[in-house]
Amino acid sequence: MPLSIEDQLDIMELMARYNHAIDSSQPEAWADTFTEDGVFEGSVGTVSGREELLAFVRNRDQSNPIRHWNNNILIDGDGDDATAKVYLVTFDVTGPPTVRVSGMYHDTLKRVDGQWKFTHRKVQSDAS
Amino acid sequence: MPLSCDDRLDILEVAARYCRALDRGDAEGLEAVFTEDAVWESSARGQRRGRSAIVDEFRARAEQAHTRKHWTSNAVIEGDGDEASLTLDLLVLHLDDGDVRPGTSGVYEDRLRRDAAGWRIAYRKITVDGQRAGFRGVPAQPAGKDATR
């Protein structure tokens, strides 16, 4: 069954919650956007499973406040599985915002107990 | 009754109309997105109570229109029936003499209400980054709510 409009809105909101959680350094809220065995493949390495995901946020450099921004969200899927491609920009907002990272997320998602979660989220930086 | 997809899209559009009205210096457009008793509160500019006071605030700096572009991202909407809350990140691009640079960033925390005129903003709180109070405190997910909403 193709994804409904509600599925697409829910997935877009999951991406927003991910950004709010990482930017306000909330390990549980961030890990909650992934499945239990979810994998995050970032520019500084790969973490997999809830414990590593939690530790990733706890150990993250928080010296500068950052905001993650998304745009141009493309979602494909069927039933309880989806993939997404999303533009990403992060800003250092210590003062007037300056761009830190520009790139794209490549996501695979699954619906678990009625809620969409990332099973795999990979960052592709424009700089690399 | 949980918010429908129509409700969620309508609320996103109210947020977009606010940005567009500011960037075009469109006072009527701005008026249309607030309830009459709306409260607008900014960490940079203080509080304005009532729609007419809010619109007056922006009329007073109409010279900024066309030199600013308000962008938003990361919308999280919660709600039930005719009441909703919206958390939204803000980035203001400053356009000066052909130069574009990110000038301000922050977060909107809103409450919206639906009546015969549709969804409108009843309360908007703006916390500008750099005026740091609140930056770390943005809730990813209000307690006791369904994680997908």
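Residues numbered from 1 in each chain as written. Chains lettered and ligands numbered in written order. Predicted model: local features only at pLDDT ≥ 70, side-chain atom pairs only at ≥ 80, totals over all residues.

1. Re the overall build of chain A
Reasoning step 1: Within chain A, the regular secondary structure consists of three helices and six strands.
Reasoning step 2: In chain A, the succession of helices and strands from N to C terminus is α-α-β-β-α-β-β-β-β.
Reasoning step 3: Radius of gyration (C-alpha) of chain A: 14 Å, near the 14 Å computed for a compact globule of 128 residues.
Reasoning step 4: Considering only intrachain contacts with a sequence separation of at least 6, the fraction spanning at least 24 residues in chain A is 44%. (Helix = DSSP H or I, 4+ residues; strand = E, 2+ residues; numbered from the N terminus. Rg over C-alpha atoms; globule rule 2.2 N^0.38 Å. Contact = placed C-beta atoms within 7 Å.)

2. A look at helix H1 (residues 5-24) of chain B
Working note: α-helix, 3.6 residues per turn, so residues spaced by three or four point in the same direction.
Residue and element names in this part refer to chain B.
Reasoning step 1: Under the 1.5 Å per step criterion, the end-to-end length of H1 is 28 Å for 20 residues, consistent within 8% with the ideal 28 Å.
Reasoning step 2: Turning to H1, its buried residues number three or more, namely Asp 7, Arg 8, Ile 11, Ala 15, Tyr 18, Ala 21, Leu 22 and Asp 23.
Reasoning step 3: One or two steps after H1, the chain reaches Gly 25, where phi turns positive at roughly 60°. (Expected span 1.5 Å × (residues − 1). Buried ≥ 20, exposed ≤ 12 C-beta atoms within 10 Å, placed from the backbone.)

3. So, unusual backbone geometry
As a rule of thumb, non-glycine residues mostly have phi less than zero, and peptide bonds are mostly trans rather than cis.
Reasoning step 1: Here Asn 72 of chain A, not a glycine, exhibits a phi torsion of approximately 55°, which is positive.
Reasoning step 2: Looking at the element boundaries, Asn 72 of chain A is found in strand E3 (residues 66-78).
Reasoning step 3: With 9 C-beta atoms packed within 10 Å, Asn 72 of chain A lands in the exposed category.
Reasoning step 4: Non-glycine residue Asn 74 of chain B carries a positive phi angle of around 65°.
Reasoning step 5: Relative to the assigned elements, Asn 74 of chain B resides in strand E3 (residues 68-80).

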